[in-house]
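Inside the fold
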Amino acid sequence: MMENLRDFYDRLNEAERQLSVEVAADRVGLLMRIAINELDLDFEGFHRGTASDEADQERSYIIRVGVVRILKLAMEAHRDFEAPAITIQRDLRYSGPVLQLIAMAGTIEHGRRVAQSLSAVGGRIEKLEDRFRITLPSKLPDLELHERELERLHVGNHRSFLSEGYEAIIGEKIGDEVRTLLTDLVYPFRTHFIGYEADPTLDFYFFGHAYTDMLLAKGYDTFHFSTTFGGITFSNFKLAATFIVSVGMKHRAFVRALMEKVPSIRVEDVLTVSVETPGFLEGLRDFLNEYGQQFTGHVPVTDEDVRMVFDVLSISRRNLALLERPGAPIPPLIQCSDGHVIRPLAGATSDEVMLFLLNALQHNFPKDYDRAQRAREGVMQRALEKAVRETLPELEYRGNIKLRQNGKVLTDLDLVIVEPSSDRVVLVQLKHQDPYGADLATMLARTGRLNQQVGDWLRKVRSWLSAASPSAVRATLRLPSGSSTPKVSLLVLTRHYAHSLRKVVDGDDAMFANWNQLTTASLQEPGSGAHGLDDLLEKLKGLSVPEEVEYLPEPSSSWGVGSLRFTIEQERD
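Here's a quick rundown of the structure. The model shown is predicted, which means the values in this text are computed figures rather than measured ones. (Residues numbered from 1 in each chain as written. Predicted model: local features only at pLDDT ≥ 70, side-chain atom pairs only at ≥ 80, totals over all residues. Heavy atoms only, no water.)

A few points about the overall build of the chain
Stated formally: Helix numbering and strand numbering both begin at the N terminus, where a helix is a DSSP run of H or I of at least 4 residues and a strand a DSSP run of E of at least 2. The globule rule used here is 2.2 Å times the number of residues to the 0.38 power, and the radius of gyration it is set against is calculated over C-alpha atoms. Burial here depends on accessible area, computed with a 1.4 Å probe over protein chains only, as a share of the maximum for the residue type. Under 20% is buried, over 50% is exposed, and the range in between is partly exposed. Pairs of residues are marked as contacts when any of their non-hydrogen atoms sit within 4.5 Å. All tallies of charge rest on Lys and Arg as positive and Asp and Glu as negative; His and the ends of each chain are not included. A single reference atom marks each charge: NZ on Lys, CZ on Arg, CG on Asp, CD on Glu.
Within the chain, the secondary structure is distributed over 16 helices and 15 strands. Against the globule reference of 25 Å for 573 residues, the chain gives a C-alpha radius of gyration of 26 Å, in line with a compact fold. Projected onto its principal axes, the C-alpha coordinates of the chain cover approximately 85 × 70 × 45 Å. Classification of the 573 residues of the chain by burial places 50% in the buried group. For the chain, the share of sequence-separated contacts (at least 6 apart) that also reach a separation of at least 24 residues comes to 72%. If you average the places of the 67 positive and of the 82 negative side-chain charges in the chain, the two averages end up 5 Å apart.

Considering the environment of threonine 391
Its location among the elements puts threonine 391 in the loop between helix 12 (376–389) and strand 9 (396–405). The spacing of threonine 391 and leucine 533 is 142 residues in sequence and 9.9 Å in space, taken between C-alpha atoms.

Focus on the side chain of aspartate 439
Quick note on the threshold: Nitrogen and oxygen atoms within 3.5 Å of one another constitute a polar contact, given that in protein one can donate a hydrogen and the other can accept it, and given that sequence-neighbouring residues count only through two side-chain atoms.
When you line up the elements, aspartate 439 lands in the loop between strand 11 (424–431) and helix 13 (440–467). Reaching out from aspartate 439, the side chain makes a polar contact with the backbone nitrogen of alanine 441 at a distance of 3.3 Å. A distance of 2.7 Å separates the side chain of aspartate 439 from the side chain of threonine 442, its partner in a polar contact. Ignoring any residue separated from it by four or fewer positions in sequence, one finds aspartate 439 in contact with Arg113, Arg325, Pro326 and Gly327.

Description of the packing of aromatic side chains
Worth spelling out the cut-off: Under the pairing criterion, centres of Phe, Tyr and Trp rings, with the six-membered ring standing for Trp, must be within 6.5 Å; the plane angle then separates stacked pairs below 30 degrees from edge-to-face pairs above 60, leaving the rest tilted. Whether a charge lies above a ring is judged from NZ of Lys or CZ of Arg, which has to be within 6 Å of the ring centre and within 35 degrees of the ring normal.
According to the stated counting rule, one finds 19 aromatic pairs in the structure shown. On the numbers, 4.9 Å between centres and 50 degrees between planes, the contact of phenylalanine 243 with phenylalanine 287 is tilted. With phenylalanine 243 in helix 7 (residues 234–261) and phenylalanine 287 in helix 8 (residues 277–291), this pair connects stretches of sequence that are 44 residues apart. As far as the burial class goes, phenylalanine 243 and phenylalanine 287 line up, both buried. One cation-aromatic arrangement involves arginine 317 over phenylalanine 81; the distance from NZ or CZ to the ring centre is 5.0 Å.

Some words on the pairing of strand 12 (residues 487–494)
It is a general feature of regular strands that their side chains alternate between the two faces of the sheet. Just so we agree on the cut-off: Should DSSP find at least two bridges between two strands, the strands are regarded as paired.
Of all eight residues in strand 12, seven are buried; the element is thus mostly enclosed. In this structure, strand 11 lies alongside strand 12, joined through eight bridges in parallel fashion. Looking at the pairing, leucine 427 lines up with leucine 490 of strand 12.

Let's talk about the nonpolar core
General note: in soluble globular proteins, nonpolar side chains tend to be found buried as a group. The test is simple: By convention a nonpolar core is built from buried Ala, Val, Leu, Ile, Met, Phe, Trp, Tyr and Cys residues, the set being connected through side-chain atoms within 4.5 Å.
If you look at the biggest cluster of nonpolar residues, it comprises 91 residues, and the most contacted ones within it are Phe8, Met32, Ile134, Phe229, Phe237, Ile315 and Leu361. When sequence neighbours within four positions are dropped, the list of residues in contact with methionine 32 reads Asp26, Leu71, Ala74, Met75, Phe81, Ile334, Cys336 and Ile342. Counting residues in each nonpolar core, the second largest holds 29 residues, with Val416, Leu490, Tyr497 and Val505 among its members.

Brief notes about the pattern of salt bridges
Counted only if it meets this: Basic side-chain nitrogens of Lys or Arg form a salt bridge, by our definition, when they fall within 4 Å of a carboxyl oxygen of Asp or Glu.
The tally for this structure, following the rule as stated, stands at 39 salt bridges. The partner of aspartate 42 in a salt bridge is arginine 59, and the shortest N-O contact between them spans 3.0 Å. Of this pair, aspartate 42 sits in helix 2 (residues 30–44) while arginine 59 sits in helix 3 (residues 54–77), and the two are 17 residues apart along the sequence. A salt bridge links arginine 64 to glutamate 352; the shortest N-O distance between them is 2.8 Å. Taken as a pair, arginine 64 in helix 3 and glutamate 352 in helix 10 (residues 350–364) lie far apart in primary sequence, 288 residues in all. Using a relative accessible area of 13% as the deciding quantity, one classes glutamate 352 as buried.

As structure tokens, this is what we get:
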């Protein structure tokens, strides 16, 4: 199979080389700009109505991965474009050929993603006379489903609560003023496009909504606000990300206002805009210094700092490696030239910006990032204690205990939870993680590493427990010397994803969960009476390993780009 897989990758790379020649033929920058426009048009979903079907979802997926690849190829091909900030009306005579190139790039990226997953899911690839045939198992377990749905529930509930609370704070009068300002300040620019004036009331209003949205972004709490990267605080980077989200929200609102004000305006002509870089940097600097004063430990930024923040949060010809992996996050800003930046709306959502920011920080400041990662478990330890104490106040905690065997450190325990009333003890390993988004290769690498680390930890802890005397167990776990031998359980708690641990966490003494599952299990239902540590662990088991396993549907499909053809099908039971 490996030879067939290598041949498949070679054919995909050859198809991309041919595609890159067509992309490089455009020296103006028009192809890239049209591709970004098409991405935003699809992302905003104006053409789909209220519901989307599987065909719409597949089309959006191909456009997303295809446009990001087109963007990389176009910027690699030319050091600069002749007209980088060009703005034109959508015309199918131009958009049609670009959409074909996007479909080609998306098909190539899809082929790579499928190839990446083959060994993980147990599939196979065959080289036939006319095509490659990829066969997947008859059942593809969706291990992420329950984590994904629980996260959607948590985020949805919190988003509604925060948004409604924010609207209640600002009051109905401010809301009416915002709507009036949006209508009054927007205008048609050169007949077909969009222009609008600035207003501090709108800046304040959309900052509030962007900030509440960013609080729920996956990865927002990855590091302490005072952690520095390149000398700039994580708080300032997050505030800059919030600025981008707020600008995107404001632009969407102005688009709706303009379409109501001037019905002849077409949405496809006003979604994506480019702005002059100096003005954008000035606005970003003023935003960071004005709104940053509201936050503890804010450090004012200079023009040099703002330029560094901007370079981290944007894609340019210097950091195209950030777009290398299929499924990479959409960049929130695109430096199409030294003097202009494109603001794609598809990259201006809280989750997308936050994921791009974390990837960019790791790319630009690897030493700072490694240092910051090593300090995260302590923060998670304190957060765990706080979350559980609200439900079970009688529990005790011991932190950072080393297990020794034959005079050597075998492994460590990030946290020990003790229930004195029942001689119940839980040994905890904490895994603070970075989210992986839609990047399949990163997901496979990180879950594989997680599984290996957790498997090693379980083996070593169980080895120590089986060899240690009762007195040694009590002394190491800092239990009273006269207490009875405790009943011990093992818990692996992760920040974002734990689904892959079903493959390595076994036995009645061990369990795993992610943070959403922990907070859900910690909630007491009214009138449910007293709860203990055993009840919490039982809830965690039910949430992390559901009774029923859901499966991913994979209908048969045929794909082609150039002379390359490949089909995907599932085995029949």
